[in-house]
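Each chain is listed here by its residues.
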Amino acid sequence: MEALKLKTLDDLLAYPEEDVELIGGEIVRRPMTRARHAQAQSQASRHLGPFAGGADPGGWWILTEVSVAYEPHECPRHDLAGWRRERLPRLPDGIIDLPPDWVCEIVSPGHVKKDTLSMPLLLRRHRVPFYWLIWPEDKALVAHALEGGEWHVIATLKDAERARVPPFEAVELDLADMLGGE
């Protein structure tokens, strides 16, 4: 029996396709982006735009589709991730190797297990303080905060609810607007 060789960041960088990420030592193709997913991602980024500046409530880098190298065999590409500028004063030219302060995944039908099981474990190991999940089909957002080494739900929004959700409580999020209303 041949031993399984885990792929590394070097393998990922040498991979001929771009739409992949490194999860658990495997190079995994990302599913095709559906319209609701793309809308949720762009609208969430737009809603959090005030934080991306240098003035109040700014001081963040808010990035979409960003690869983060956490471990030799873990380099996921987050739908959205944010770093406080005090921790990451400048964006690097390549892949970021500093864990973010906030991650948001738009849950795709083909990535439910990754987004709800393996990603929270990885983020917990690296002490990422906030993890949000947006479910476009269910019109829901669930926000988690890392407290005492465990994830705790700090906000659940459904349908057309509005709320101020940490770490971005300086602005009120409109879930209906983020997920396309209707």
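Let me sum up the structure you'll find in this document. A quick note: this is a predicted structure, and the numbers were derived from the prediction, not measured. (Residues numbered from 1 in each chain as written. Predicted model: local features only at pLDDT ≥ 70, side-chain atom pairs only at ≥ 80, totals over all residues. Heavy atoms only, no water.)

### Concerning the overall build of the chain
Inference 1: For the chain, the count of helices and strands is four helices and 10 strands.
Inference 2: In the chain, the succession of α and β elements from N to C terminus is α-β-β-α-β-β-β-α-β-β-β-β-β-α.
Inference 3: Taken against the 2.2 N^0.38 rule, which gives 16 Å for 182 residues, the C-alpha radius of gyration of the chain at 16 Å falls within 12% of a compact globule.
Inference 4: Summarising its shape, the C-alpha atoms of the chain cover approximately 55 × 35 × 35 Å along the three principal directions.
Inference 5: In the chain, buried positions account for 45% of the 182 residues.
Inference 6: Carbon and sulfur atoms make up 52% of the accessible area of the chain, which totals about 9,600 Å². (Helix = DSSP H or I, 4+ residues; strand = E, 2+ residues; numbered from the N terminus. Rg over C-alpha atoms; globule rule 2.2 N^0.38 Å. Buried < 20%, exposed > 50% of the residue type's maximum accessible area, 1.4 Å probe, protein only. Areas by Shrake-Rupley, 256 points an atom, 1.4 Å probe, with all protein chains shown as cover.)

### Overview of unusual backbone geometry
Inference 1: Cis peptide bonds are those with omega within 30 degrees of zero, and the linkage from proline 166 to proline 167 qualifies with 10°.
Inference 2: Locating proline 167 in the fold gives a position in the loop between β9 (162-163) and β10 (173-174).
Inference 3: Even without a glycine there, the phi angle at lysine 139 is positive, about 50°.
Inference 4: Looking at the secondary structure, you find lysine 139 in the loop between β6 (130-135) and β7 (140-147).
Inference 5: In this structure, aspartate 159 is a non-glycine residue whose phi angle is positive, near 55°.
Inference 6: For aspartate 159, the position within the fold is in the loop between β8 (150-158) and β9.

### A word on the sheet that holds β6
Inference 1: On the basis of which strands lie adjacent, the open sheet formed by six strands has the order β3-β4-β5-β6-β7-β8 and mixed pairing. The open sheet terminates on both sides in strands that have one partner only, identified here as β3 (60-67) and β8. Within this sheet the neighbouring strands show an average axis-to-axis angle of 20°, counted without direction.
Inference 2: Here helix α2 (residues 35-47) sits on the sheet and contacts β3, β4 (77-84), β5 (102-106) and β6; the angle it forms with β4, its principal contact strand, is near 10°. (Pairing = 2+ DSSP bridges. Axes fitted to C-alpha atoms, helices over the stretch in contact; angles between N-to-C directions. Contact = heavy atoms within 4.5 Å.)

### Structural notes on the pattern of salt bridges
Inference 1: Enumeration according to the criterion identifies 14 salt bridges in this entry.
Inference 2: When the shortest N-O distance is used, the salt bridge between arginine 30 and glutamate 21 registers 3.4 Å. Accessibility assignment for this pair places arginine 30 and glutamate 21 in one class, buried.
Inference 3: Between arginine 77 and glutamate 65 there is a salt bridge, with its nearest N and O atoms 3.4 Å apart. Residue arginine 77 is found in strand β4, and its partner glutamate 65 is found in strand β3; the two are separated by 12 residues along the sequence. (Salt bridge = Lys/Arg side-chain N within 4 Å of Asp/Glu carboxyl O.)

### So, α2
Inference 1: In a regular helix each residue adds 1.5 Å, so 13 residues correspond to 18 Å; α2 covers 18 Å between its end C-alpha atoms and thus fits that length.
Inference 2: Regarding α2, the residues found buried are His37, Ala40, Gln41, Gln43, Ala44 and His47.
Inference 3: Residues of α2 that are buried in the fold lie against β3, β4, β5, β6, β10 and α4 (175-178). (Expected span 1.5 Å × (residues − 1).)

### Re the nonpolar core
Inference 1: One finds Trp102, Trp132, Ile134, Leu141, Val165 and Phe168 to be the most contacted residues of the largest nonpolar core, which totals 26 residues.
Inference 2: Put simply, the parts of the chain that give this core at least two residues each are α2, β3, β5, β6, β7, β8 and α4.
Inference 3: The contact partners of isoleucine 134, leaving out residues within four places of it in the chain, are Ala40, Ala44, Cys104, Glu105, Ile106, Val107, Ala140, Leu141, Met178 and Leu179. (Core = buried A, V, L, I, M, F, W, Y, C linked by side-chain atoms within 4.5 Å.)

### Quick look at the pairing of β5
Inference 1: Of all five residues that make up β5, five are buried, and the element is covered over most of its length.
Inference 2: As paired elements, β4 and β5 share three bridges and run antiparallel to each other. Counted as the bridge partner of alanine 81 is valine 103 from β5.
Inference 3: Both β5 and β6 contribute to a ladder of five bridges, which runs parallel. The partner of glutamate 105 across the bridge, within β6, is leucine 133.
Inference 4: Handedness of the β-α-β unit built from β5, helix α3 (residues 112-125) and β6 comes out right-handed. (Right-handed = clockwise from strand over helix to strand, strands pointing away.)

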